[in-house]
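# Per-entry structural report
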Amino acid sequence: MKDFNIYNPTKIVFGWGVIERCGIEAAKLGKKSLIVTGKSSTKKTGVLDKVIALLKNAGVEAVVYSGVTPNPKTDETDEAANLGRKENCDFVIGLGGGSAMDAAKGAAVVLKSGGNLWDYVWLPSKKAKQINDAAPIMLIPTLAATGSEGNPSAVFTNKQTKQKAAIYNPDKIYPRVSIVDPSLTVTVPAKQTAEGIIDIIMHVLEEYLTGETECDLQDRITEGIILTCIENAEKAINEPGDKKARTNISLASTVALQGLPNSGRAGEWVVHPIEHAVTGIYDNIAHGSGIAAILPAYLRFLFDKKPDRIKQLSMRIFGADEYAEEGELMEVCAKGFEDFISSMGLANNLKDAGVEKSMLPMIADKLIEVSGIPGIIGNKEKLTFILKSAYGE
């Protein structure tokens, strides 16, 4: 285990019905809020109107930007920030799924530091502008998935360059407070619920697979989050109003990226950057669907590189016999996740997810442009092998 520091200043208000406290918490941040949300969901469910009313009761004004789309675009974030500046908003509320919450973080940066959001994104080919300041941030997730409510990062798509990349700044873009109310997730459709679940799992699986191995506590926390998601998935998808399932998955989402599960590992993230390359090109594919389509092929690629990690997952998550032949034991892990993904109604390969075979070289190129080839993959030939395997070849 590597030495590590944990710093997480976000106040989490968690529980069924705690949305009622959003006005009280918002009043501690400012007098006039910029609510950043999607185009329709929070309006249709009534949660947007409810939040505005609760803010008003607490003496907080609200200005609404409702132009966020899935895989949030940098120009949407810039538009939101410009609206907030024009209206003299002094803090930002992200209301919705990961896209709305990430867009809120970006808007908070541009609102206070100026420029355009893409200026603050680092790429191998360009330096990132320093984030000097950001408006205070409150996040209210309506989908259990990204964990944006408890971390200092956000991911954006530049639709002009078809690049998808992140900003990360623990000093400026941790939310001051997040209202995590599982009851807000009961209206989420089955497919989006499933996409959120596989994203939660991947948040803890990335470094579990590639990082330091002598992390017993972190391993058990990771495995607990994965099992919580698997065990509650069917109920959450088929009985969306189930309080226990929704609450457990919402908590798993928040805890997964709060710090401790990945601390001391110093591992690489591999599936996420590959997925970013996919959805940077295919804006119609949701982030969770991209993760689901890549994961089984990636696990099989790791059979030779991380056999002990794969075998441990097989035994602890899927109950495999530790005395089974090694190849059979590792396949239990890959097949287990493959079947789990299918059981939730998601595609477990890129072809079925809607990716064209002819686009695989461009996906590889976009990954290299944005983040480079992960060390555990090593070279473009092996990256291409993973993409072809994920496609179904």
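Attention here is on the structure that accompanies the text.

Basis of the calculations
- Residues numbered from 1 in each chain as written.
- Predicted model: local features only at pLDDT ≥ 70, side-chain atom pairs only at ≥ 80, totals over all residues.
- Heavy atoms only, no water.
- Core = buried A, V, L, I, M, F, W, Y, C linked by side-chain atoms within 4.5 Å.
- Buried < 20%, exposed > 50% of the residue type's maximum accessible area, 1.4 Å probe, protein only.
- Helix = DSSP H or I, 4+ residues; strand = E, 2+ residues; numbered from the N terminus.
- Contact = heavy atoms within 4.5 Å.
- Pairing = 2+ DSSP bridges.
- Axes fitted to C-alpha atoms, helices over the stretch in contact; angles between N-to-C directions.
- Parallel < 35°, antiparallel > 145°, perpendicular 65-115°, else oblique.
- Nonpolar A, V, L, I, M, F, W, Y, C, P; charged D, E, K, R; others polar.
- Left-handed = near helix turned anticlockwise from the far one by under 90°.
- Expected span 1.5 Å × (residues − 1).
- Bend = angle between axes of the 7 residues up to and from the residue.

### What to know about the nonpolar core
- In terms of nonpolar packing, the biggest core is built from 65 residues, with Ile198, Ile201, Leu205, Leu209, Met344 and Leu350 touching the most fellow members.
- Take this core: its biggest share by element is 10 residues, from helix α6 (residues 190-210).
- With sequence-adjacent residues up to four places away left out, Ile198 is seen in contact with Gly288, Ile291, Ala292, Leu295, Ile341, Met344 and Leu346.
- Ala108, Ala154, Ala165 and Val370 belong to the second-largest nonpolar core, a separate cluster that totals 33 residues.

### Side note on the sheet that holds strand β3 (residues 61-68)
- In space, the 6 strands of this open sheet follow the order β1-β8-β5-β4-β2-β3, with parallel pairing throughout. Lying at the two open borders of the sheet, with one neighbouring strand each, are β1 (11-14) and β3. Strand after strand, the sheet turns through a mean of 20° between neighbouring axes, direction not considered.
- The sheet contact formed by strand β2 (residues 32-38) and strand β4 (residues 91-96) spans 5 bridges and is parallel. Counted as the bridge partner of Ile35 is Ile93 from β4.
- Sitting on the sheet, helix α5 (residues 98-113) is in contact with β2, β3, β4 and β5 (137-141), with an inclination near 165° to β4.
- Most of the contacts of helix α8 (residues 243-256) go to β1, to which it runs at about 175°, and overall it touches β1 and β8 (177-180).

### Regarding the environment of Gly196
- As for its position among the elements, Gly196 is in helix α6.
- Residue class for Gly196 comes out buried when judged on its relative accessible area of 2%.
- Not counting residues up to four positions away in its chain, the partners in contact with Gly196 are Ala144 and Ala145.

### Let's talk about the packing of α6 against helix α7 (residues 216-238)
- Put simply, α6 and α7 touch, their axes get as near as 10 Å, and they point 170° apart. As the angle between them shows, α6 and α7 are arranged roughly antiparallel. Along its contact with α6, which presents Ala190, Thr193, Ala194, Ile197, Ile200, Ile201, Val204, Leu205 and Tyr208, the element α7 presents Asp219, Thr222, Glu223, Ile225, Ile226, Cys229, Ile230, Ala233, Ala236 and Ile237.
- Among the residues making up the contact of α6 with α7, the classes are represented as 15 nonpolar, 2 polar and 2 charged.

### Remarks on the packing of α7 against helix α11 (residues 307-318)
- Look at α7 against α11: their axes get within 10 Å of each other, and the N-to-C directions meet at 50°. One finds that α7 runs oblique with respect to α11. In this structure, α7 meets α11 at a crossing whose hand is right-handed. On α11, the residues that touch Asp219, Arg220, Glu223, Ile226, Leu227 and Ile230 of α7 are Arg309, Gln312, Leu313, Arg316, Ile317 and Phe318.

### What about α6?
- Between its first and last C-alpha atoms α6 spans 31 Å; for 21 residues at 1.5 Å apiece the expected length is 30 Å, and the two agree.
- Val204 marks the point of greatest bend in α6, at about 30°.
- The buried fraction of α6 is high, at 18 of 21 residues.

### Examining the side chain of Thr157
- Take Thr157: it is sitting in strand β6 (residues 153-158).
- The class of Thr157 is buried, set by a relative accessible area of 2%.
- When near neighbours in sequence (up to four residues on either side) are disregarded, Thr157 contacts Asn71, Pro72, Lys73, Thr74, Gln163, Lys164 and Gly280.

### Brief notes about the environment of Val92
- Here Val92 is to be found in strand β4.
- On the accessibility criterion, Val92 (0% relative accessible area) is buried.
- In this structure the C-alpha to C-alpha distance between Val92 and Leu111, which are 19 residues apart in sequence, comes to 9.3 Å.
- Sequence-distant contacts of Val92, that is, excluding residues within four places in its chain, are made with Leu34, Val36, Ala104, Ala108, Leu111, Ala135, Pro136, Ile137 and Met138.

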